[in-house]
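Coordinate analysis (summary)
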Amino acid sequence: MAAAAGNGTPREEEGPSGEAAAPPPQAPTSAPGARLSRLPLARVKALVKADPDVTLAGQEAIFILARAAELFVETIAKDAYCCAQQGKRKTLQRRDLDNAIEAVDEFAFLEGTLD
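Residues numbered from 1 in each chain as written. Predicted model: local features only at pLDDT ≥ 70, side-chain atom pairs only at ≥ 80, totals over all residues. Heavy atoms only, no water.

1. Considerations on the overall build of the protein
For clarity, the threshold we go by: Strands here are runs of E lasting at least two residues and helices are runs of H or I lasting at least four, both read from the DSSP assignment and numbered beginning at the N terminus. The buried label goes to any residue with under 20% of its type's maximum accessible area, the exposed label to any with over 50%, and the partly exposed label to all in between, with areas taken from a 1.4 Å probe on protein chains only. Contacts are residue-level and defined by heavy atoms, with any inter-residue pair within 4.5 Å sufficient. Computed with the Shrake-Rupley method and a 1.4 Å probe, the accessible areas treat only the protein chains shown as cover for residues.
Counting its regular elements, the protein contains three helices and two strands. N-terminal to C-terminal, the α/β element order of the protein is β-β-α-α-α. The buried share of the protein, reckoned over its 115 residues, is 17%. Restricting to contacts in the protein with at least 6 residues of sequence separation, those with at least 24 account for 27%. Entry remark: accessible area of the protein is about 9100 Å², with carbon and sulfur atoms responsible for 57%.

2. Quick look at the packing of aromatic side chains
Formally: Side-chain rings of Phe, Tyr and Trp (the six-membered ring for Trp) are treated as a pair once their centres are within 6.5 Å; stacked means planes under 30 degrees apart, edge-to-face means over 60, and tilted covers the remaining angles.
Applying the stated rule across the entire model yields two aromatic pairs. Ring centres of Phe72 and Phe109 lie 6.3 Å apart, and the angle between their planes is 40 degrees; on these two criteria the pair is classed as tilted. Taken together, the positions of Phe72 in helix 2 (residues 59-86) and Phe109 in the segment after helix 3 (94-103) put the pair 37 residues apart, joining distant regions of the chain. Note on Phe72: relative accessible area 34%, which makes it partly exposed. Following the ring pairs from residue to residue traces out a cluster consisting of Phe72, Phe107 and Phe109.

3. Comments concerning a nonpolar patch on the surface
Condition: Exposure above 30% relative accessible area and the absence of a salt bridge qualify a residue for a patch, where like charges join within 9 Å and nonpolar side chains (Val, Leu, Ile, Met, Phe, Trp, Tyr) within 5 Å. By convention in these notes, a salt bridge is any Lys or Arg side-chain nitrogen within 4 Å of a carboxyl oxygen on Asp or Glu.
Together, Phe72, Val73 and Phe109 make up a nonpolar patch on the protein surface, roughly 310 Å² of accessible area in all. Accessibility expressed as a relative area gives 58% for Phe109, which makes it exposed.

4. A word on the packing of helix 2 against helix 3
Which entries qualify depends on this criterion: The angle between two axes is taken between their N-to-C directions and runs from 0 to 180 degrees, where each axis is a line fitted to C-alpha atoms and a helix contributes only its stretch in contact. Each angle receives one of four descriptions, namely roughly parallel if under 35 degrees, roughly antiparallel if over 145, roughly perpendicular if within 65 to 115, and oblique otherwise.
Orientation of helix 2 relative to helix 3, taken along the N-to-C sense of each, is 110 degrees, at an axis distance of 8 Å. Judged by the inter-axis angle, helix 2 sits roughly perpendicular to helix 3. Taking contact as the criterion, the partners of Ile76, Asp79, Ala80, Cys83 and Ala84 in helix 2 are, on helix 3, Asp96, Leu97, Asn99, Ala100 and Ile101.

5. Section: the confidence of the model for the protein
The condition is simple: Predictor confidence is given residue by residue as pLDDT, running from a minimum of 0 to a maximum of 100.
Scored by pLDDT, the protein comes out at a mean of 80, with 70% of its residues at no less than 70. Scored below 50 in pLDDT, residues 1-5 makes 13 contacts in the model with residues more than four places away or belonging to other chains. Under a pLDDT of 50 for its full length, residues 9-15 has, in the predicted model, 21 contacts with residues more than four places off or in other chains.

Next comes the structure, spelled out in structure tokens:
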């Protein structure tokens, strides 16, 4: 909260349109029955700890890495599915992933990894 001009009373931060700004994102909380990540966090943590350069990894960092991996897989799968649809197919094949990697600049770092 910021102080209102001149009178010292607190007011809510305003966004560019003059409306109250959204609250900052909160760290994930463990609500009963709510699954925030589709990937098992213990497995993600094991993968992170397999890197010899990583000594400690907090739960929030593990959650963020898991969510980033989910979004990455979702994005490349959607792009590969578009390639399958262009071939009038519904089943993803390896060549669809290859085509998606070649077609999307953001996936350039993956070129040659499926060989």
